[in-house]
Amino acid sequence: MAAIQGMCGRIGLVTNEGLAGTLKRYYPKGFLYIMLLFSFPAITFNIGADIQGMGAVSNMLIPSVPVWAFCVFFTALLLFVTIKYSFEKIAFILKWLCLSLLLYIMIPFLVSTDIVSVIKSTFIPTLHFDRDFFAILVAILGTTISPYLFFWQATMEAEAISHKTGTSKTVKHLLSDMRLDINAGMLFSNLVMFFIILTSGEVLYKAGITQIDTVDQAAKALEPIAGELSYHFFAIGVIGTGLLAIPVFASSLAYILAETFDWHQGLDKKFFEARGFYITLSASLLIGLGLDFIGLSPIKALLYTAILYGITAPVLIAVILHIGNNTSIMGEHTNSRLSNVLGFLALIVMTFAAAGLLYFQFT
């Protein structure tokens, strides 16, 4: 994950444009349109699932307010913040919201946990060669090494470098800062994911809870098992995660479309300066909100979009590897040997998982 995100960040810094812009300039436009075709439904479903999850857990904390009212409130809040504030202010807010993810790390320590079993299962996985296992494997890989994150990372680095014009830092120093930022961020995100999986396995699965259809069901299931504190921690974590993730989803889609169709773009621009960019961002949030009113299961939406990410990611990873090793694009800042080894490893693992899922799906 760190290697792939590092390549995307390097592409943004060196080319001074997002991944969509680089693809448009150096590769057939049809490829970019296909990526857009898959990205739009996946990202909007993700947004809808997160909005519904935030509304559901908020309703648990304040039952007198209906779920739909919370969903509308969070959508309006996110629209206001992303349109009103600059890139730097939004980045500052998102960094502080990351602290909400620490709540997930605390939950397993509030219940009795078999440490020996956890350590063993961490390093010795159990494999099942069937459709359900490969579906979850592809979903975990797809929600971790996700195409929308590739576009987001490259664009954020390109946008960040525009704020550093006039500074004494060279591209080499900026690349060093970017690597440190990405490596720390990826380590932290995977640590949080580990504890979310651990909570699900140690707390919910051991209590016989194997079917979760809505996000609030997971929080409610925690209360009698792990106590009221864990229940509130999980609920606040869901809200914090949604506020953190949704602007990334919506902005990623807006940047992809803006770079594809040469619109003015950027979270630093006013609405009238980048209408297409902000209309796309707003539309993705409103469509995501609309999905909550058609009875869509947020858990199923998250699962299916993660699987879609996992199936489409290998193709994009292969292209990113090609860009990262192309001297005509990257100049002297091509991939290191370690980046290539880890990148190709990610490509092989994700291709194997996606091929396995498709095989078991149709045989």
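An account of the accompanying structure is given in this report. A quick note: this is a predicted structure, and the numbers were derived from the prediction, not measured.

1. Structural notes on helix H8 (residues 131–144)
Next, step 1: For H8, with 14 residues, the first-to-last C-alpha span of 20 Å sits near the 20 Å given by 1.5 Å per residue.
Next, step 2: Residues of H8 that are buried: Phe-134, Ala-135, Val-138, Ala-139, Leu-141, Gly-142 and Thr-144.
Next, step 3: Put simply, Asp-130 is the residue that caps the front of H8, since its side-chain oxygen is 3.3 Å from the backbone nitrogen of Asp-132.

2. Focus on the packing of helix H1 (residues 2–15) against helix H16 (residues 337–362)
Next, step 1: Axis separation between H1 and H16 bottoms out at 8 Å; the angle between their running directions is 120 degrees. Packed against H1, whose contacting residues are Ala-3, Ile-4, Met-7 and Arg-10, the element H16 presents Ser-339, Asn-340, Leu-342, Gly-343 and Ala-346 at the interface.
Next, step 2: For the contact of H1 with H16, the residue count by class is five nonpolar, three polar and one charged.

3. Concerning the side chain of Glu-259
Next, step 1: For Glu-259, the position within the fold is in helix H12 (residues 228–260).
Next, step 2: Buried within the structure, Glu-259 lacks any salt-bridge partner; its nearest side chain of opposite charge belongs to Arg-25, at an N-O separation of 9.2 Å.
Next, step 3: Of note is the side chain of Glu-259, whose polar atom sits 2.9 Å from the backbone nitrogen of Gly-21.
Next, step 4: Dropping the residues within four chain positions of it, Glu-259 is found in contact with Glu-17, Gly-18, Leu-19, Ala-20, Gly-21, Lys-24, Thr-155 and Gln-265.

4. Brief notes about unusual backbone geometry
Next, step 1: With a phi angle near 60 degrees, Asn-16 is a residue other than glycine that sits in the positive phi range.
Next, step 2: Relative to the helices and strands, Asn-16 resides in the loop between H1 and helix H2 (19–26).
Next, step 3: At Asp-262, a residue that is not glycine, the phi angle is positive and equals roughly 60 degrees.
Next, step 4: Residue placement: Asp-262 occurs in the loop between H12 and helix H13 (275–291).
Next, step 5: Residue Asp-262 is classed as exposed on the basis of its relative accessible area of 62%.

5. Here's the deal with the pattern of salt bridges
Next, step 1: Using the criterion set out here, one finds two salt bridges in the structure.
Next, step 2: Two residues, Arg-25 and Glu-17, come together in a salt bridge whose shortest N-O distance is 3.7 Å.
Next, step 3: A relative accessible area of 17% means that Glu-17 is categorised as buried.
Next, step 4: The closest approach of N and O atoms between Lys-24 and Asp-262, which form a salt bridge, is 2.8 Å. In this pair, Lys-24 is assigned in helix H2 and Asp-262 in the loop between H12 and H13, connecting sequence segments 238 residues apart.

6. Structural notes on the side chain of Thr-15
Next, step 1: In this structure, Thr-15 sits in helix H1.
Next, step 2: In terms of polar contacts, Thr-15 uses its side chain to reach the backbone carbonyl oxygen of Ile-11, at 2.5 Å.
Next, step 3: Of note is the side chain of Thr-15, whose polar atom sits 3.2 Å from the backbone oxygen of Glu-17.
Next, step 4: Apart from residues no more than four positions distant in its own chain, Thr-15 is found in contact with Thr-22 and Ile-329.

7. Comments concerning the packing of helix H3 (residues 29–61) against H13
For any two helices packed against each other, the geometry comes down to the angle between their axes and how far apart the axes lie.
Next, step 1: At a closest axis distance of 7 Å, the pairing of H3 and H13 adopts a crossing angle of 60 degrees. Classified by the interaxial angle, the pair formed by H3 and H13 is oblique. Note that H3 runs across H13; the crossing there is right-handed. Across the interface between the two elements, Phe-40, Thr-44, Phe-45, Ile-47, Gly-48 and Ile-51 from H3 touch Ser-284, Leu-285, Ile-287, Gly-288, Leu-289 and Leu-291 from H13.

What counts and how
Residues numbered from 1 in each chain as written. Predicted model: local features only at pLDDT ≥ 70, side-chain atom pairs only at ≥ 80, totals over all residues. Heavy atoms only, no water. Helix = DSSP H or I, 4+ residues; strand = E, 2+ residues; numbered from the N terminus. Expected span 1.5 Å × (residues − 1). Buried < 20%, exposed > 50% of the residue type's maximum accessible area, 1.4 Å probe, protein only. Polar contact = N/O pair within 3.5 Å; in protein donor to acceptor, adjacent residues only side chain to side chain. Axes fitted to C-alpha atoms, helices over the stretch in contact; angles between N-to-C directions. Contact = heavy atoms within 4.5 Å. Nonpolar A, V, L, I, M, F, W, Y, C, P; charged D, E, K, R; others polar. Lys, Arg positive; Asp, Glu negative; His and termini not counted. Salt bridge = Lys/Arg side-chain N within 4 Å of Asp/Glu carboxyl O. Parallel < 35°, antiparallel > 145°, perpendicular 65-115°, else oblique. Left-handed = near helix turned anticlockwise from the far one by under 90°.

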